[in-house]
Amino acid sequence: GVTLGPRNVRFGYDVVELTPQDLIFDDQHFLPFEDQSFDVILGFQVLEHTPAPIIFLKECHRLLVPNGMVMFQTPAATTHTGDKDLHHILCPIPIQTRGLLLKGGFINISFWLEGDGTRQNDYLKALLQDVPKEWETRADIEFTAIAYKE
């Protein structure tokens, strides 16, 4: 894993039982790996903490092998803190996430929409290639975006 947060480091060591070799304490925008080092990059609750999401996504693109996949789970945009502490810097809605991924160089973008906006844990039953028009601008849903490098 890669993190800048000391709380995440403690979680990695204490809960997931990672060793120092398993965890990199570094800036996600400029990672210390060679080009095309990974087949898959997963991010759980990452994009909303990223001060420069396009730079971060371009870095992910650089690190993936051809046809590599990124998958980012994102909270509902309504969780944006909107205050000076900026715990969540940007909570994109689905259509914004699609735009960020396209600008990062990704293709074949799909979404897994989670629940019905009421924070229930029931998942929609299908992986959707296109976000339905009525969901594109909803701020009250969590979702996972999946995209590929050409």
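Residues numbered from 1 in each chain as written. Predicted model: local features only at pLDDT ≥ 70, side-chain atom pairs only at ≥ 80, totals over all residues. Heavy atoms only, no water.

K.L.:
Pulling in residues and values, what's your account of the overall build of the chain?
P.N.:
For the chain, the count of helices and strands is three helices and six strands. Counting from the amino terminus, the chain carries its helices and strands in the arrangement β-α-β-β-α-β-α-β-β. Buried residues in the chain amount to 37% of all 150 residues. With the model as given, the accessible surface of the chain reaches about 8800 Å², and the carbon-plus-sulfur share is 57%. (Helix = DSSP H or I, 4+ residues; strand = E, 2+ residues; numbered from the N terminus. Buried < 20%, exposed > 50% of the residue type's maximum accessible area, 1.4 Å probe, protein only. Areas by Shrake-Rupley, 256 points an atom, 1.4 Å probe, with all protein chains shown as cover.)

K.L.:
Talk me through the packing of aromatic side chains; I want residue IDs and the actual numbers.
P.N.:
Taken as a whole and judged by the stated rule, the model has three aromatic pairs. When the centroid spacing of 5.0 Å and the interplanar angle of 85 degrees are considered together, the rings of F33 and F38 count as edge-to-face. (Phe/Tyr/Trp six-rings, centres within 6.5 Å; stacked < 30°, edge-to-face > 60°.)

K.L.:
Report on the environment of G104, specifying residues and quantitative values.
P.N.:
With respect to the helices and strands, the residue G104 is situated in the loop between α3 (94-103) and β5 (106-114). What makes G104 buried here is its relative accessible area of 3%. Spatially, the C-alpha atom of G104 lies 9.6 Å from that of R62, the residues being 42 residues apart in sequence. Those residues in contact with G104 that sit more than four places away from it in its chain are L57, K58 and H61. (Contact = heavy atoms within 4.5 Å.)

K.L.:
Can you explain helix α2 (residues 53-63)? Please cite residues and give values.
P.N.:
Here α2 has its buried residues at P53, F56, L57, E59, C60 and L63. Looking straight down α2, one finds its buried side chains confined to an arc of 155 degrees; they lie on one side. (Arc of directions from axis to C-beta.)

K.L.:
Now, about the pairing of strand β3 (residues 38-44): what can you tell me, with residues and values included?
P.N.:
As paired elements, β3 and strand β4 (residues 64-74) share six bridges and run parallel to each other. Opposite I41, over in β4, you have V70 as the bridge partner. (Pairing = 2+ DSSP bridges.)

K.L.:
Help me get a handle on the side chain of K149, residues and values and all.
P.N.:
Tracing the backbone through its elements, the reader meets K149 in strand β6 (residues 142-149). Although K149 is buried, it makes no salt bridge; D35 carries the closest opposite charge, 7.4 Å away. Looking at K149, its side chain comes within polar contact range of the main-chain oxygen of L64, at 2.7 Å. (Lys, Arg positive; Asp, Glu negative; His and termini not counted. Salt bridge = Lys/Arg side-chain N within 4 Å of Asp/Glu carboxyl O. Polar contact = N/O pair within 3.5 Å; in protein donor to acceptor, adjacent residues only side chain to side chain.)

K.L.:
How would you sum up the nonpolar core? Please name residues and give values.
P.N.:
Of all hydrophobic cores here, the largest spans 21 residues; its most connected members are L57, C60, V70, F72, L101 and F106. Among the elements of the structure, α2, β4, α3, β5 and β6 are those that each provide at least two residues to this core. The residues touching L101, leaving out its near neighbours within four places in the chain, are L57, V70, F106, I109, A145 and A147. (Core = buried A, V, L, I, M, F, W, Y, C linked by side-chain atoms within 4.5 Å.)

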